[in-house]
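# Geometric and topological summary
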Amino acid sequence: MINDKIWQDIKETGSIGKRSVTVLDNTESTNHYAAALAKDGASSGTVVVAETQSKGRGRLGRVWLSPPGTGLYFSLIWHSQLQPEDLAKLTLAAGLGLCLALESCTNLQFKIKWPNDLFLDNKKIGGILTENLGQKQKHTLVIIGIGLNVNTPATAFPDDLAQKASSLYIFSKKKFCRGRLLTEILQKLDDTLTDLEQGQFNKILTEWRRRDATINKKMTWLTPSRKVVTGISLGINDEGLLHIRDNAGKIHEVMSGDLSLT
Ligand code: BTN
C-alpha cells in the first residue's frame, strides 16, 4: 500500500483545514453516524469517514461493499437552504463535484449515471446516497454519503459485482492517496453545492450533461410501482429529471426507481 501521509494527518488532527473530520476504523454506516452528529448540532461541512463499514448502504436498500483500507467511505453534513422540491438537485451537484475532483487528481474521464452512480469505462466505481433528515431552524439537514472504490483489487468484488463494478486501481493500475482524494473531493463538493445553493443550477447542468453516462443509450427503468420501461435516454431536463423515450415513442419523466443501461 502506498504511504498516504495526508490520510494519517487527517486521522491524527481530526480536521482538514478548518473542517472537522471524524475518522473511524469501523462503523455501521458513515451516513448513520453523521446523522447522529447532525441531529446533535454538528455544523455544515462536518465529515465522517471510515476505514470500513459493517452495514454500508446504497440507494434502494442495497448494500455498499466497504472493504477496509482501500476505499473511501464518507458522509458530509450539509445544511441546505433549498426549497424541498429542489433538494434532489443536491445529488446531481455532489456527483459533479466528485467528477471534477477525480478528474483533477487522476486525468481520467468520469461519467455519471443519473442520479447518483459514478462510472469509469462503463463500470461503477462510486455512488452517492443523499438523505434528508428534515428541517432544523431555517435549513434542511442533509447527509451526503459517498462511497468510492479507490485502491480496491478485483478480488474484493463478489462474482455478481465483478462484471459491473471497478475501482480507480483496477482501471489505471495505479494506487491513489485517499487523503489527497478526500481533500480535493471535499473542496469540489463545497464549490458545486454552494453554486447550487446560490441559484446557479444552470452551471451545474452544463457540466453534468457533459458527463452524462446514459444520453442516447438504451435503458431499462424499473419504476417505483415495479413496471418495466425500456427506451432511449434523452438526458436530463432543466430541473435535473431524466427523460426516457420508450419504444412506443412516449416520453417518461424519471424521478426515482432503478435504472440500468442495456
Ligand atoms: C449507491 O450507489 O447506491 C450509493 C452508495 C453510497 C455509499 C456510501 S459509503 C459512505 C456512506 N455510508 C453509507 O452507508 N452509504 C454511503
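None of the values given here were measured: they were computed from a predicted structure.

This brings us to the overall build of the protein. Counting secondary structure elements, the protein contains seven helices and 13 strands. The C-alpha radius of gyration computed for the protein amounts to 18 Å, which stays within 12% of the reference 18 Å derived for 262 residues, consistent with globular compactness. With 262 residues in all, the protein has 50% of them scored as buried. Summarising the internal contacts of the protein: among those between residues at least 6 apart in sequence, 64% fall at separations of at least 24.

Time to look at the pairing of strand S12 (residues 251-254). Every second residue of S12 is oriented toward a common face, the buried set being His252 and Val254 and the non-buried set Ile251 and Glu253. Pairing analysis gives four bridges linking strand S11 (residues 242-246) to S12, with the strands arranged antiparallel. Paired with Ile244 across the strands is His252, a residue of S12. Joining the antiparallel neighbours S11 and S12 is a turn of four residues, in which Gly249 adopts a positive phi near 95°.

Attention now moves to the packing of aromatic side chains. Counted according to the given criterion, the structure contains zero aromatic pairs. Sitting above the plane of the Phe201 ring, Lys89 keeps its charged end 4.7 Å from the centroid. Taking the ring centre of Trp7 as reference, the NZ or CZ of Arg178 above it sits at 4.0 Å.

Here we take up the layout of surface pockets. Of the pockets and cavities examined, the largest pocket occupies roughly 940 Å³. Contributing elements (two or more residues each) for the lining of the largest pocket: helix H2 (30-39), strand S4 (72-80), strand S6 (117-120), strand S7 (123-136), strand S8 (139-148), helix H4 (159-162) and strand S13 (258-261). Take the lining of the largest pocket: its biggest share by element is five residues, from S7. Its residues placed into classes, the lining of the largest pocket shows 17 nonpolar, 16 polar and ten charged. Taken as a whole, the second largest pocket spans an internal volume of roughly 530 Å³. Around the second largest pocket sit 23 residues that line it, and Leu87, Ala88, Lys89, Thr91 and Met255 are the ones nearest its centre. Elements with a minimum of two residues in the lining of the second largest pocket: helix H3 (89-106) and S7.

Every one of the 21 residues lining the ligand counts as a neighbour, but Ser29, Gln53, Arg57, Arg59 and Lys124 are closest to it. Separating a nitrogen atom of the ligand from a side-chain N or O atom of Gln53 is a distance of 2.9 Å. Starting from 420 Å² of accessible surface for the ligand in isolation, the protein chains cover 98%. Given that more than half its atoms are within 2 Å of the pocket grid, the ligand belongs to the largest pocket. Among the secondary structure elements, those contributing two or more residues to the shell around the ligand are H2, S4, S7 and S8. Top element by residues in the shell around the ligand is S7. It accounts for four residues.

Attention now moves to H3. Given 3.6 residues to a turn, an α-helix orients residues that are three or four positions apart in the same direction. Between its first and last C-alpha, H3 extends 26 Å over 18 residues, near the 26 Å set by a 1.5 Å rise per residue. Counting buried positions along H3 yields 16 of 18 residues, so the element is predominantly enclosed. In the segment just after H3, Asn107 is the residue with positive phi, at about 65°.

Conventions and cut-offs
Residues numbered from 1 in each chain as written. Predicted model: local features only at pLDDT ≥ 70, side-chain atom pairs only at ≥ 80, totals over all residues. Heavy atoms only, no water. Helix = DSSP H or I, 4+ residues; strand = E, 2+ residues; numbered from the N terminus. Rg over C-alpha atoms; globule rule 2.2 N^0.38 Å. Buried < 20%, exposed > 50% of the residue type's maximum accessible area, 1.4 Å probe, protein only. Contact = heavy atoms within 4.5 Å. Pairing = 2+ DSSP bridges. Phe/Tyr/Trp six-rings, centres within 6.5 Å; stacked < 30°, edge-to-face > 60°. Lys NZ or Arg CZ within 6 Å of the ring centre and 35° of its normal. 1 Å grid on protein atoms, 1.4 Å probe; cavity = no way out; pocket = protein on both sides within 12 Å on 5 of 7 lines; lining within 4 Å. Points joined across faces, edges and corners; volume = space filled by probe spheres on them. Nonpolar A, V, L, I, M, F, W, Y, C, P; charged D, E, K, R; others polar. Near = heavy atom within 4 Å. Polar contact = N/O pair within 3.5 Å; in protein donor to acceptor, adjacent residues only side chain to side chain. Areas by Shrake-Rupley, 256 points an atom, 1.4 Å probe, with all protein chains shown as cover. Sits in = over half its atoms within 2 Å of the grid points. Expected span 1.5 Å × (residues − 1).

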